[in-house]
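Topology and contacts: notes
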Amino acid sequence: MNAQLDRYIHEVHLNLNVRGLGISPTLAINELSRSLVENGRSVFKLGLGQSPFPVPEPVVQALRDNAHQKDYLSVHGLEQLRKAIATYFNNRHGLHADWRSILIAPGSKELMFLLQLAYYGDLIIPIPSWVSYAPQAHIVGRPVRWIKTSRENGWLITPEDLERICCSDPTKPRVVVLNYPNNPTGRTYSEQMLQELAAIARKYHVILLSDEIYGELNFSGNYSSVARYYPEGTIISSGLSKWCGAGGWRLGLFTFPDELDWLRQGMAAVASETYTSTSAPIQYAAVHAFDGGKWLESYLKNSRRILAALAEYSRQRLEKAGVLVEKAQGGFYLFPDFSQTNLLDRRSFNSSEEFCNSLLQETGVAILPGSAFGLNGDNILARLAFVDFDGARTLQALADLTDEAELDEAFLVTYCERVTTGVERICDWLHS
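Attention here is on the structure that accompanies the text. (Residues numbered from 1 in each chain as written. Predicted model: local features only at pLDDT ≥ 70, side-chain atom pairs only at ≥ 80, totals over all residues. Heavy atoms only, no water.)

The topology assignment puts Asp161 in helix 7 (residues 159-167). Exposure remark for Asp161: the relative accessible area of 11% places this residue in the buried category. Here Arg164 takes part through its side chain, which lies 3.1 Å from a polar atom of the side chain of Asp161. Not counting residues within four places of it along the chain, the set of residues in contact with Asp161 comprises Ile147, Lys148 and Leu156. (Helix = DSSP H or I, 4+ residues; strand = E, 2+ residues; numbered from the N terminus. Buried < 20%, exposed > 50% of the residue type's maximum accessible area, 1.4 Å probe, protein only. Polar contact = N/O pair within 3.5 Å; in protein donor to acceptor, adjacent residues only side chain to side chain. Contact = heavy atoms within 4.5 Å.)

Given below as structure tokens:
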């Protein structure tokens, strides 16, 4: 009897959509890096895309002031916060968001999962793309259609790509993901491309999920949403994690047009049966973040200056080492292609994962393989997140400089030493 019970307990009865599913690669590389550090290794953490900057002090103080908030809030989100978000999008980005059409959740990732659960239709995502879009679709059994992008087109979906995939079945329900500035490439869409994509989406009644979580980190400061050109069919996804340095706070948001209120209501119904509502103290504190002020403008401007300088420093160093890499336009990432480096003439790697594992073991530099973003084949591509530095210290140093001062190599080596050293280790390894 005990043997039968033991056998029953150890049988595996996982949902087929979950079997074989591993931990998200971005979290896995962070856990591996942490394990190596605990075992005495020096690791340059260029894998996980976590903001290096602190949550602004006014927002932290707002959290302290609201730590006593203990009630369950509306599943849709705190009304005061939703109004602040609508005002923020409308005043800052020329949109026409209605606060009643905003849904708050513990992270935008949770909202993306709810969207795929509630919506009936295909998910269209580019290759390469963020690591969790496709696995979420697999979990809920949602069909995925891939659009392969290219370096020549900036790793972005082109209007021709979207037309090609839609015209084969014009009435099929679809959600198309646009992410810009892009993870993993750091690239973004021009105004003309957004307008042309919007026209194709309108033609085929496609829902655009515009993942703009890195929008405020567009290096030019001129971030524009596709919702300006296709308001009736665009859902904007954002949150506090990237531009406000508050990834661990877990606060995400979707804005919906009136035409998609049925979808918002469906997602809210599922949310009410799963996470109930988002943390009350976090929501009250987030009001202050979206209300903003001069402190926020300064914080964002200086964050963009630092990230832009690091991106260009890293790109130039990698190019000198024979790496193909596109110029980043925002966010935390570069997407280098190591396929034509001299190292590959001397050593053979069967995959980008094998390449990145060797790099980590031999140099202590952690980056994510292109396979984590949907890429396979012979090319050895990877994502480099230039975030392993003390953001608070670097912002403080920048405050002592004029707006015109160049963030030169000396500044970056002094205040972002782990990133610059990590990049140099990659370059030295490629020539070893």
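Mapped onto the elements of the fold, Thr341 is located in the loop between strand 9 (333-334) and helix 12 (343-346). Thr341 sits in the buried class, given a relative accessible area of 1%. Counting along the chain gives 39 residues from Thr341 to Ile380, while the straight-line C-alpha distance between them is 9.8 Å. Dropping the residues within four chain positions of it, Thr341 is found in contact with Ala321, Gly322, Val323 and Leu430. From its side chain, Thr341 meets the backbone oxygen of Phe338 in a polar contact 2.7 Å long.

Attention now moves to unusual backbone geometry. Glycine aside, residues mostly have negative phi, and peptide bonds are mostly found in the trans state. Omega for the peptide link from Ile127 to Pro128 comes to 0°, which places this bond in the cis form. Following the sequence through the fold, Pro128 ends up in the loop between strand 3 (122-127) and helix 6 (133-140). Positive phi, normally seen in glycine, also occurs at Trp155, with a value near 60°. In this fold, Trp155 is placed in the loop between strand 4 (144-148) and helix 7. Residue classification places Trp155 among the buried positions, given a relative accessible area of 8%. Not every positive phi belongs to a glycine, and Arg250 is a case in point at roughly 55°. With respect to the secondary-structure elements, Arg250 resides in the loop between strand 7 (234-239) and strand 8 (252-255). Judged by relative accessible area, which is 36%, Arg250 ranks as partly exposed.

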